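Read off the chains here:
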Amino acid sequence: MYGDPHTHAAATGSGQGKRPHACVVIIFGASGDLTKRKLIPALYNLALENRLPERFAVVGYARSELSHESFRARLRAAVREFSRTGLKDEAVWEKFAATLYYVRGGYDEPESYQRLKEFIDAFDRGSRALPARVLYLATPPELYGAVIERMSAAGLAPRETDGEARTRVVIEKPFGTDLQTAQELNHRVHESLDEKQVYRIDHYLGKETVQNIMVFRFANAVFEPVWNRRYVDHVQITAAESVGVEGRGGYYDEAGVVRDMFQNHLLQLLCLTAMEPPVSFSADAVRDEKGKLLKSVRPIAPEEVAAAAVRGQYAGGKIDGAEVTGYRQEPGVARGSTTVTYAAIKLAIDNWRWEGVPFYLRSGKRMAKRVTEVAIQFKRPPLLLFKSHAVEAVNPNVLVMRIQPDEGVSLTFEVKPPGPDMVIKPLSLDFKYEQAFGNSSPEAYETLLEDCIEGDSTLFTRHDWVESAWALMDPIIQVWKLSKPKNFPNYDAGGWGPGAADEFMERDGRRWRQP
Ligand code: BG6
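Quick caveat: nothing in here was measured; it's all calculated off a predicted structure. (Residues numbered from 1 in each chain as written. Predicted model: local features only at pLDDT ≥ 70, side-chain atom pairs only at ≥ 80, totals over all residues. Heavy atoms only, no water.)

Helix and strand counts for the chain stand at 14 helices and 17 strands. Here the C-alpha atoms of the chain give a radius of gyration of 24 Å, agreeing with the 24 Å that 2.2 N^0.38 yields for 515 residues. C-alpha atoms of the chain, sized along the principal axes, occupy 80 × 60 × 45 Å. The buried share among the 515 residues of the chain stands at 53%. Restricting to contacts in the chain with at least 6 residues of sequence separation, those with at least 24 account for 78%. Accessible area of the chain: about 23,200 Å², with a carbon and sulfur share of 52%. (Helix = DSSP H or I, 4+ residues; strand = E, 2+ residues; numbered from the N terminus. Rg over C-alpha atoms; globule rule 2.2 N^0.38 Å. Buried < 20%, exposed > 50% of the residue type's maximum accessible area, 1.4 Å probe, protein only. Contact = heavy atoms within 4.5 Å. Areas by Shrake-Rupley, 256 points an atom, 1.4 Å probe, with all protein chains shown as cover.)

What follows concerns the sheet that holds strand S9 (residues 314–319). The strand order across the open sheet formed by three strands is S10-S9-S17, and the pairing between neighbours is mixed. The sheet terminates laterally at strand S10 (322–324) and strand S17 (491–493), the two strands that pair on one side only. Neighbour-to-neighbour, the strand axes of this sheet turn through a mean angle of 25 degrees, independent of strand direction. In the sheet, S9 pairs with S10 via three bridges, with the strands oriented antiparallel. (Pairing = 2+ DSSP bridges. Axes fitted to C-alpha atoms, helices over the stretch in contact; angles between N-to-C directions.)

Considering all chains together, one arrives at 22 aromatic pairs under this definition. For the ring pair Phe-431 and Tyr-433, a centre distance of 4.9 Å and an interplane angle of 40 degrees mean the geometry is tilted. By relative accessible area, which is 9% here, Phe-431 ends up buried. Each member of the aromatic cluster is reached from another via a ring pair, and the members are Tyr-252, Tyr-314, Tyr-327, Tyr-342 and Tyr-491. (Phe/Tyr/Trp six-rings, centres within 6.5 Å; stacked < 30°, edge-to-face > 60°.)

What follows is about the site of the ligand. Around the ligand, the neighbouring residues are Lys-173, His-203, Tyr-204, Lys-207, Glu-241, Arg-248, Asp-260, Met-261, His-265, Lys-365, Arg-370 and Gln-404. In this structure, Tyr-204 approaches the ligand through a side-chain N or O atom, which is 2.5 Å from an oxygen atom. Contact between the ligand and Gln-404: an oxygen atom at 2.6 Å from a side-chain N or O atom of the residue. In the complex, 82% of the free accessible area of the ligand, which totals 390 Å², lies under the protein chains. At three residues, helix H8 (residues 249–274) tops the list of elements feeding residues into the shell around the ligand. When the residues that make up the shell around the ligand are grouped by side-chain class, the tally is two nonpolar, three polar and seven charged. (Near = heavy atom within 4 Å. Polar contact = N/O pair within 3.5 Å; in protein donor to acceptor, adjacent residues only side chain to side chain. Nonpolar A, V, L, I, M, F, W, Y, C, P; charged D, E, K, R; others polar.)

Viewed as axis vectors pointing N to C, helix H1 (residues 33–48) and helix H2 (residues 68–82) meet at an angle of 90 degrees, and their least axial separation amounts to 9 Å. The orientation of H1 with respect to H2, classified from their angle, is roughly perpendicular. Counted together, Lys-36, Arg-37, Ile-40, Pro-41 and Tyr-44 of H1 and Leu-75, Ala-78, Val-79 and Phe-82 of H2 form the full contact between these two elements. Considered class by class, the residues forming the contact of H1 with H2 number seven nonpolar, no polar and two charged. (Parallel < 35°, antiparallel > 145°, perpendicular 65-115°, else oblique.)

Along the chain, the position of Asn-228 falls in the loop between helix H7 (208–218) and strand S7 (232–240). We classify Asn-228 as buried; its relative accessible area is 16%. Looking at Asn-228, its side chain comes within polar contact range of the main-chain oxygen of Pro-225, at 3.1 Å. Ignoring any residue separated from it by four or fewer positions in sequence, one finds Asn-228 in contact with Arg-353 and Trp-354.

Right, let's get into the sheet that holds strand S12 (residues 359–364). The eight strands lie next to each other as S8-S11-S12-S7-S13-S14-S15-S16, forming an open sheet whose pairing is mixed. The open sheet has two edge strands with one neighbour each: strand S8 (309–312) and strand S16 (425–432). In this sheet, neighbouring strand axes are inclined to one another by 15 degrees on average, regardless of whether the strands run parallel or antiparallel. Examined bridge by bridge, strand S11 (residues 342–347) and S12 share six bridges and lie antiparallel to one another. Its bridge partner being in S12, Lys-346 is matched across the sheet by Tyr-360. Contacts between H7 and the sheet are confined to strand S13 (371–378), strand S14 (398–404) and strand S15 (408–415), with S14 contributing the most and set at about 145 degrees to the helix.

In this section: the pattern of salt bridges. By the definition in use, this model includes 33 salt bridges. We note a salt bridge from Glu-49 to Arg-84, for which the minimum N-O separation is 3.2 Å. Linking Glu-49 in the loop between H1 and strand S2 (55–62) with Arg-84 in the loop between H2 and helix H3 (90–97), this pair joins segments that are 35 residues apart in sequence. Using a relative accessible area of 40% as the deciding quantity, one classes Glu-49 as partly exposed. Across the salt bridge formed by Glu-450 and Arg-51, the nearest N and O atoms sit 2.9 Å from each other. (Salt bridge = Lys/Arg side-chain N within 4 Å of Asp/Glu carboxyl O.)

Quick look at the packing of helix H6 (residues 179–192) against helix H13 (residues 463–482) now. Two numbers describe how H6 lies on H13: the axes approach to 8 Å, and their chain directions differ by 165 degrees. The angle between H6 and H13 places the two elements in the roughly antiparallel class. Our pair here, H6 against H13, has a crossing hand that is left-handed. Counting all contacts with H6, which are made through Leu-179, Ala-182, Gln-183, Asn-186 and His-190, the residues of H13 involved are His-463, Val-466, Glu-467, Trp-470, Ala-471 and Asp-474. Counted by class, the contact of H6 with H13 contains five nonpolar, four polar and two charged residues. (Left-handed = near helix turned anticlockwise from the far one by under 90°.)

This part is about the environment of Ala-444. Along the polypeptide, Ala-444 turns up in helix H12 (residues 444–454). Assessed through its relative accessible area of 10%, Ala-444 is described here as buried. Along the primary structure Ala-444 and Gly-206 are separated by 238 residues, whereas in three dimensions their C-alpha atoms are 4.1 Å apart.

Before going further, it helps to spend a moment on the confidence of the model for the chain. Confidence in the prediction for the chain averages 93 pLDDT; 96% of positions are at 70 or higher. Counting interchain partners and residues more than four positions distant, the pLDDT-below-50 stretch residues 1–16 has 24 contacts. (pLDDT = per-residue confidence, 0-100.)

Most peptide bonds take the trans configuration, and most residues that are not glycine carry a negative phi. Lys-173 connects to Pro-174 through a cis peptide bond whose omega is 0 degrees. Relative to the helices and strands, Pro-174 is located in the loop between strand S5 (167–171) and H6. Residue Pro-489 follows Phe-488 across a cis peptide bond; omega there is -5 degrees. Looking at the secondary structure, you find Pro-489 in the loop between H13 and S17. Within the chain, Asn-50 stands out as a residue other than glycine whose phi angle is a positive 60 degrees. With respect to the helices, strands and loops of the structure, Asn-50 is situated in the loop between H1 and S2. Residue classification places Asn-50 among the exposed residues on the basis of a relative accessible area of 61%. A positive phi angle, close to 50 degrees, is found at Glu-246, a residue other than glycine. With respect to the helices and strands, the residue Glu-246 is situated in the loop between S7 and H8.

Structural data, given as structure tokens:
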């Protein structure tokens, strides 16, 4: 993996030089957490790397009373605290800060949207060509529909049916809370906008390692022949978090892990791992394949939930030597809450490639460590040749795509250590991003914002995918809501989830990896 890397720019996502001459980014919800933790630090890092359009402005819109100056001052502190590079270059910050503006307005006040429009029109008039326009919805999700309607009524986001969209609307997750609300929201969105103007964010798709799944699979010839039911025994997709709900108890207690992690991030990882090669790397070709894959996932009927999924909620415990409280003691969480903070779900894919290969997905809060990975476990060799040499069994080969942390790819295989005895030992071939490329990966939001500015929607979720994903998860959410768990909390913070999750795998003659 080292040597002389010949790098090629593939025509998908992230920085392909379609940068417009001018762009204005409008952030609704500009006084909130997302703006200060993610959006502005990401834009600042793009500025540092000289990746923003020549003529550029960010206009924050929110209810708080702020001047341009006070908006800039608060964002300066945010960049210092949250940007991956800190406030690395004061001169770049000064130049970038001069492009930040603030317009105060309520989400329900047509006249405020009108003022916002006048402000932006003035920016547009100073450009030689019409600037691209990115309208970012970073408000609470219950406002998405109303903000889209108001901004469209004010003429901020005209519907564009022909050619490439100049005006793009970015919608943060969660997109609905179940199939019905997602359909309703899609309907409201489509009343004002063409689908090609809509960029539904899933920040996992902006992660370098997630984009690499496609490159790994489709830019190499050796893996494709074994990437199927003939060679793969099963696949484990893990997104374990050591953090708890981090001050978001109110939101999380309503959501739970299936809405928070499975309906979006885990199903995206599943799609990239299991989908067929797209006909090209255009946004729709990739999204067509992901959509097809989700449609071939066998739906889990309510009466099958008990056999196909396991749920859990954390009690207090120790993580890295420090005591942490149980879920029910978190601020904002109901004392007798039955919200699910850990889930494991077994999915079957009814297509030619994957028939009979189970995909086990799991995610939980307050687990032993933070690790996200996709592990492809291959079948064992058909015959155990080394029995007479006291070798009981050989380990199956496992290919692990490590999404975070310690980003990389590893392949384990069996070797014979030197010596007179026939001994077999597993070793691995490892590629680590940090060794190969240094520690300089952009944050997901940098990649995704740059793609919005350039009008590349490959890494964003299409309306049909969101609905299919809800359709798959809804029965599980519903069944768990109706049948209250009697044994919660049922796993200790700092462990690997409830015992029932281990039994769930044992029933299939398999074991969870402990990465
Ligand atoms: C978010 C969830 O979408 O993803 C959080 O709402 C979760 O609860 C986070 O912690 C995980 O993202 P990452 O990038 O840290 O894996």
